[in-house]
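Next come the chains, spelled out residue by residue.
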Amino acid sequence: MAGGIAAYKSCYLVRRLAAAGHQVRVVPTEAALNFVGRPTWEALSGHPVHTGVFDDVPGVEHVRLGGEADLVVVAPATADLLARVAAGRADDLLTATVLATRAPVLMAPAMHTAMWQNPATRDNVATLRRRGIVVKDPAVGRLTGPDSGPGRLPEPDELAELAEFLLECPGAAAQLAGQDLSGRRVVVTAGGTREALDPVRYLGNSSSGRMGRALALLAAARGADVTLVAAHVDVPAPSAIEQVAISSTEDLSAAMTELAPDADIVVMAVAAADFTPVSRSQLKIKKHEGADPIGARTRIDLTQTPDVLAAISAARRPGQVIVGFAAETAPDRDALLELAAAKLARKGCDLLAVNDVSAGKVFGMVDTDVTVVRQQGPGRRVMGSKMLAAQAILDEARSLLAPAPDAPAS
Ligand code: CTP
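Residues numbered from 1 in each chain as written. Predicted model: local features only at pLDDT ≥ 70, side-chain atom pairs only at ≥ 80, totals over all residues. Heavy atoms only, no water.

Account for the overall build of the chain, naming residues and giving values.
In terms of regular secondary structure, the chain is built from 14 helices and 17 strands. Here the C-alpha radius of gyration of the chain, 24 Å, is about what a compact globule of 410 residues would show, namely 22 Å. The C-alpha extent of the chain, read off along each of the three principal axes, is 85 × 55 × 45 Å. In the chain, of all internal contacts separated by at least 6 residues, the share reaching a separation of at least 24 is 69%. (Helix = DSSP H or I, 4+ residues; strand = E, 2+ residues; numbered from the N terminus. Rg over C-alpha atoms; globule rule 2.2 N^0.38 Å. Contact = heavy atoms within 4.5 Å.)

This is the structure in C-alpha cells:
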C-alpha cells in the first residue's frame, strides 16, 4: 500500500484475506508506514515487512514477491503511486513488485477529489488500464478533511470480493482493465420484496441480495453506469453506484417503469412477491380478528402483483437486454432446464439465470450453481462464487447488446 490515510482500512483487508486462507505479503511504501506501522503489518500478515529494494538483497525480494504472487493488490494507491507505476518506475519494493509481476494487478486509488480528477491522474489511470491493470474507481463520500466527493477507498470487503474474484478468474482482469461495459447503463434489482400486512408485519422471502450486489459491483468494475434497485437486503450496496431503495413489488414496478427504458442491460435478481395482501390494515391485526371459532386458523386474501419482468421484456427496445432470474426446486437437472425454458418463454426475456434451491440450497450462500439459458443455443453453467456467476451473466448479456454508438465498426 502507498502512503495515504486510508491505509488503516487495509489492515482489515489484510486480515480478511489472510483469514480466508490466502498467504498475504504486505509491501508498504516508506510513506505508508507514517500511517500504519510495520509491526501491525507484520502481525496481520505473519510475514516480515520491507519497503526498499535493498532490504533483503539475498532474497531478491524486488523480483521474487511479484514473481510468486497470484495477485497484487495496491490499496490505497495514491496519486503519486499511480504516477510512478504509469512511468514504469521501480525505486522502492512496491513499484518494483508491480513492475516484476505477471499476475493480475488490482489498484484501489484513494486521494482527494481534486487529485483524482486532475488530468495528470486521469491520464495515468488510462495508461494503467490500457496496460491491463485493474483500477477500481474510488468511492464517493466524506474525505479526510471537511469536504466530500469521489476519492474514498472502497470498503475493504468490497476490495476483498474483487481480489478473490480475480484469484478465481484471472482472465477477467482484461475486461475490468478494458472497462468493456463503459458507456453502458446497467440496472440491477436485488434482495427480497416485502408485502405489508399491517404496520409491523409483512410477507417476505429469504433473498439476501448477494447476487444483485455481485452483479452491481462487477458491472461497475467493468465500467458500466450502474443503478442498484434494492429491496430488502442483508449486504451493503457497493460503492460509487446509484441506489434506489424499494420495498414491495408495486414499488419495484414503479421504479422499473422509470429506469428500464434507458438501460442497456436490466438484470432482475430481485425475489419479487407474486402476491400481495388485498388490503393492508392500518392498525396492527389482533390475534382474535378473522380467526375461526376455535382460533386456530385465520386467512389472508392475496391478489397477484404485476409481473415486472414480463412487462419490461414486452416493452424493450431492439438491442436492449433483459435478464431474469429463477430459483426453482426440481428433481433433477433436466427438469430444472425444462422449467427454465418454459419460464424464459413465458417471461419473454433474453436470458434467464436459473438456480436450484431444493432443500435450501443457494439462498444466502456464498457459492452458487447457476445456469444461464438464452432464447437460442445451449445454456451456460457456472459453479463458484456469486461474482463468477455475475461475470457469466454479464458476459452473456454483453454478447447480445447492440453495438455501442461510438464503437468502431468491426
Ligand atoms: N419477477 C417480477 N415480478 C414479479 C415476480 C417476479 O419481475 N411479480 C421476476 C423476478 O425478479 C425474477 C423472475 O421474475 O427475475 C422470475 O421470478 P419467479 O418468481 O420465479 O417467476 P414466476 O412467474 O412467479 O414463476 P413461478 O410460478 O415459478 O413462481
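Talk me through the site of the ligand; I want residue IDs and the actual numbers.
Residues in close proximity to the ligand total 16 residues, the closest being Met268, Val270, Asp274, Leu309 and Lys343. Within the side chain of Lys343, a nitrogen or oxygen atom sits 2.5 Å from an oxygen atom of the ligand. In this structure, an oxygen atom belonging to the ligand sits 3.5 Å away from a side-chain N or O atom of Arg346. Here the ligand, which alone exposes 580 Å², has 77% of that area covered by the protein. In this structure, the ligand is accommodated by the largest pocket. Every element with two or more residues in the shell around the ligand is listed here: helix H12 (308-314), strand S14 (321-328) and helix H13 (333-347). Its residues assigned to classes, the shell around the ligand comprises eight nonpolar, three polar and five charged. (Near = heavy atom within 4 Å. Polar contact = N/O pair within 3.5 Å; in protein donor to acceptor, adjacent residues only side chain to side chain. Areas by Shrake-Rupley, 256 points an atom, 1.4 Å probe, with all protein chains shown as cover. 1 Å grid on protein atoms, 1.4 Å probe; cavity = no way out; pocket = protein on both sides within 12 Å on 5 of 7 lines; lining within 4 Å. Sits in = over half its atoms within 2 Å of the grid points. Nonpolar A, V, L, I, M, F, W, Y, C, P; charged D, E, K, R; others polar.)

Provide a residue-level description of the sheet that holds strand S1 (residues 72-77), including the pertinent values.
Strand order in the open sheet formed by three strands is S1-S2-S3, with parallel pairing between adjacent strands. A single partner strand is all that each edge strand has here, and the edge strands are S1 and strand S3 (134-135). Here S1 runs beside strand S2 (residues 105-109); their pairing, made up of four bridges, is parallel. Across the sheet, Val73 pairs through a bridge with Leu106, a residue of S2. This element, helix H8 (residues 156-168), spans S1, S2 and S3 of the sheet and lies at about 165 degrees to S2. (Pairing = 2+ DSSP bridges. Axes fitted to C-alpha atoms, helices over the stretch in contact; angles between N-to-C directions.)

Residues and numbers for the side chain of Arg222, please.
Inspection of the secondary structure puts Arg222 in the loop between helix H10 (210-221) and strand S9 (225-230). Beyond its immediate stretch of four places on either side in the chain, Arg222 contacts Gln175, Leu176, Gln179, Asp180, Leu181, Ser182, Gln391, Leu394, Asp395 and Arg398.

Can you lay out the packing of H8 against helix H14 (residues 386-400) for me, pointing to particular residues and giving the numbers?
H14 packs onto H8 with a crossing angle of 70 degrees between their chain directions and a minimal axis gap of 9 Å. The pairing of H8 with H14 is recorded here as roughly perpendicular in orientation. Only Met387, Leu388 and Gln391 of H14 make contact with H8, whose side of the interface consists of Glu161, Leu162, Phe165 and Glu168. (Parallel < 35°, antiparallel > 145°, perpendicular 65-115°, else oblique.)

I'd like a description of the pattern of salt bridges, backed by residues and values.
Oppositely charged side chains are able to pair whenever their charged atoms sit close together. Tallied over the entire structure, the rule returns 27 salt bridges. Of the charged contacts in the structure, one is a salt bridge between Glu61 and Arg64, with a shortest N-O distance of 3.3 Å. With a gap of three residues between them, Glu61 and Arg64 both fall in helix H3 (residues 61-68), about one helical turn apart. Judged by relative accessible area, which is 5%, Glu61 ranks as buried. Given the relative accessible area of 28%, Arg64 is considered partly exposed. For the salt bridge of Lys347 with Asp307, the shortest nitrogen-to-oxygen distance reads 2.7 Å. Here Lys347 is found in helix H13, whereas its partner Asp307 is found in the loop between strand S13 (302-304) and H12, with 40 residues between them in sequence. On the basis of relative accessible area, Lys347 is assigned to the buried category, the value being 18%. Assessed through its relative accessible area of 36%, Asp307 is described here as partly exposed. (Salt bridge = Lys/Arg side-chain N within 4 Å of Asp/Glu carboxyl O. Buried < 20%, exposed > 50% of the residue type's maximum accessible area, 1.4 Å probe, protein only.)

Just give me the short version of the packing of helix H4 (residues 79-86) against helix H5 (residues 93-100), but keep the residues and values in it.
Two numbers describe a pair of packed helices, the interaxial angle and the distance between the axes. Contact geometry of H4 with H5 gives a least axis separation of 10 Å together with a crossing angle of 45 degrees. In terms of orientation, H4 lies oblique with respect to H5. With respect to the hand of their crossing, H4 and H5 are arranged in right-handed fashion. Only Leu94, Thr95 and Val98 of H5 make contact with H4, whose side of the interface consists of Leu81, Arg84 and Val85. (Left-handed = near helix turned anticlockwise from the far one by under 90°.)

Which residues make up the nonpolar core, and what are the values?
By size, the foremost hydrophobic cluster in this structure holds 68 residues, and its most contacted members are Trp41, Leu215, Ile265 and Ile393. Here this core gathers at least three residues from each of two domains, domain 1 (7-177) and domain 2 (180-277 + 302-400). Once you skip the residues sitting within four places of it in the chain, Trp41 turns out to touch Met1, Ala7, Ser10, Cys11, Val14, Val26, Pro28, Leu33, Val36, Gly46 and Val49. Listed in part, the 27 residues of the second largest apolar core include Ala231, Leu252, Ala260 and Ala340. (Core = buried A, V, L, I, M, F, W, Y, C linked by side-chain atoms within 4.5 Å. Domains from an automatic or database assignment.)

With reference to specific residues and values, describe unusual backbone geometry.
Of note, the bond from Ala75 into Pro76 is cis; its omega dihedral lies within 30 degrees of zero at 0 degrees. Even without being a glycine, Gln179 presents a positive backbone phi close to 50 degrees. Mapped onto the elements of the fold, Gln179 is located in the loop between helix H9 (173-178) and strand S6 (185-190). Even without a glycine there, the phi angle at Ala240 is positive, about 60 degrees.

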